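Each chain, written out:
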Amino acid sequence: MTTSEVQYDESGKVRLHDSCVTDANQPVFQEDWQRRAFGLAVALSEFDHYSWDDFQGELIRSIDTWEEKDEAPSSWEYYDHWVAALERVVDEHGLLADGYVGPRERDHDDDHDHDHH
Amino acid sequence: MTDQFAYPSDRESASAAKVQALEALLIEKGVITSTTVDKVLGYFESEMTPLNGQKIVARAWVDEEFAALLANDAPAAIAQLDLPDGMAGAEGEHIAAVVNGPGVHNLVICTLCSCFPWPVLGLPPYWYKDPVFRARAAREPRAVLTELGVPLEEDTEVRVWDSSGHSRWFVVPSRPEGTDGLTEEQLAALVTTESMIGVAVVEPPATVGSNA
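Residues numbered from 1 in each chain as written. Chains lettered and ligands numbered in written order. Predicted model: local features only at pLDDT ≥ 70, side-chain atom pairs only at ≥ 80, totals over all residues. Heavy atoms only, no water.

1. Some points on the packing of helix α2 (residues 32-46) of chain A against helix α4 (residues 78-92) of chain A
Residue and element names in this part refer to chain A. Orientation of α2 relative to α4, taken along the N-to-C sense of each, is 35 degrees, at an axis distance of 10 Å. At the point where α2 passes α4, the crossing takes the left-handed sense. Contact residues: α2 offers Trp33, Gln34, Ala37, Phe38, Leu40, Ala41 and Leu44, while α4 offers Tyr79, Asp80, Trp82, Val83, Leu86 and Val90. Residues belonging to the contact of α2 with α4 are distributed by class as follows: 11 nonpolar, one polar and one charged. (Axes fitted to C-alpha atoms, helices over the stretch in contact; angles between N-to-C directions. Helix = DSSP H or I, 4+ residues; strand = E, 2+ residues; numbered from the N terminus. Left-handed = near helix turned anticlockwise from the far one by under 90°. Contact = heavy atoms within 4.5 Å. Nonpolar A, V, L, I, M, F, W, Y, C, P; charged D, E, K, R; others polar.)

Here it is, written out as structure tokens:
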């Protein structure tokens, strides 16, 4: 299972997730799609299609929205937020839009325009 | 619980399908190639591992000057070591070290988005991103540390560091006693990822493996 429920003990404290206590060496990804989502978000940032700050801002927004719900959230899947943030940042930067100009082409145009070389 | 947070049974496959479709579209549009994501993942999984953090901590234990630089300017200190290329990328420029010592124990969390010093520690363990862990570690770090088996003296100060995009903290744990005769390499092997997050202490070699 990839979901976890927030639970409370008799004193009203949030109970620590079992895996925190019992197994500090859990796999980094539980499903392969999480690994792909991670790699895709990092790759697009590393190749300057957007800044990591842009992606992280969307990730924070997505998690904030989830955490600010009135009721105690019943399930949690970190990489759902990751995928939501990825979709938004790809959309905002127009990566899939017709006529998108990638960083390499942009650099090339700059060099040409300003005769840097 | 209300239905507000009901977890659709197909959510898992929905996210998986979204990622697959997005990657395929980006390849089709020529934004990335079919090998781009694998290359990036391969680099992370082979080069950005806790082995880097272990080497950094061991050097700090044997070299006071390095330890001082690490505390003040972690990227500059890390650049002195023979670590994989690209350590400065992948958010490595935001890495900062906090040092455990007598009376001080540091714990690193990220309350917002699970920022993590990838180049030093690799990718975070899954529980690090659990909201329960994050919330409790922020609110009652001492209780959480006790449950995780980290014994702290009453007068030990616990400092909780909230990682963000601009400061990705890692902990330089205390060097265990009884390690005077060890080489830097042997010392590095004692250092665990958990100790560099602050949810464990480094055990002296005599007790390693005996707590199963």
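2. Points about the packing of aromatic side chains
All names here are of chain A. Applying the stated criterion to the full structure yields 12 aromatic pairs over all chains. Ring plane angle 20 degrees and centroid distance 6.5 Å describe the contact between Tyr50 and Phe55, whose orientation is recorded as stacked. Between Tyr79 and Trp82, the ring centres sit 5.5 Å apart and the planes meet at 50 degrees, which makes this aromatic pair tilted. One end of the pair is Tyr79 and the other is Trp82, both in helix α4 and three residues apart, which spans about a single turn. Using a relative accessible area of 3% as the deciding quantity, one classes Tyr79 as buried. (Phe/Tyr/Trp six-rings, centres within 6.5 Å; stacked < 30°, edge-to-face > 60°. Buried < 20%, exposed > 50% of the residue type's maximum accessible area, 1.4 Å probe, protein only.)

3. As for the side chain of His49 of chain A
Residue position: His49 of chain A is located in the loop between α2 and α3 (52-67). In this structure His49 of chain A comes out as buried when scored by relative accessible area, which is 8%. Discounting chain neighbours no more than four positions away, the residues touching His49 of chain A are Leu44, His93, Leu95, Tyr100, Gly102 and Pro103 of chain A together with Val31 of chain B.

4. Quick notes on the environment of Val158 of chain B
All names here are of chain B. Take Val158: it is sitting in strand β3 (residues 157-162). Of the residues examined, Val158 reaches a relative accessible area of 19% and is grouped as buried. Once residues lying within four places of it in the same chain are set aside, the contact partners of Val158 are His105, Pro141, Arg142, Leu145 and Leu152.

5. Section: the pairing of strand β4 (residues 168-172) of chain B
All names here are of chain B. Among the five residues of β4, five are classified as buried, and the element is accordingly described as predominantly covered. Going residue by residue along β4, you find Arg168, Phe170 and Val172 tucked away on one face and Trp169 and Val171 tucked away on the opposite face as well. As paired strands, strand β1 (residues 95-99) and β4 are joined by five bridges and run parallel to one another. Following the sheet pairing, Ala97 is matched in β4 by Phe170. (Pairing = 2+ DSSP bridges.)

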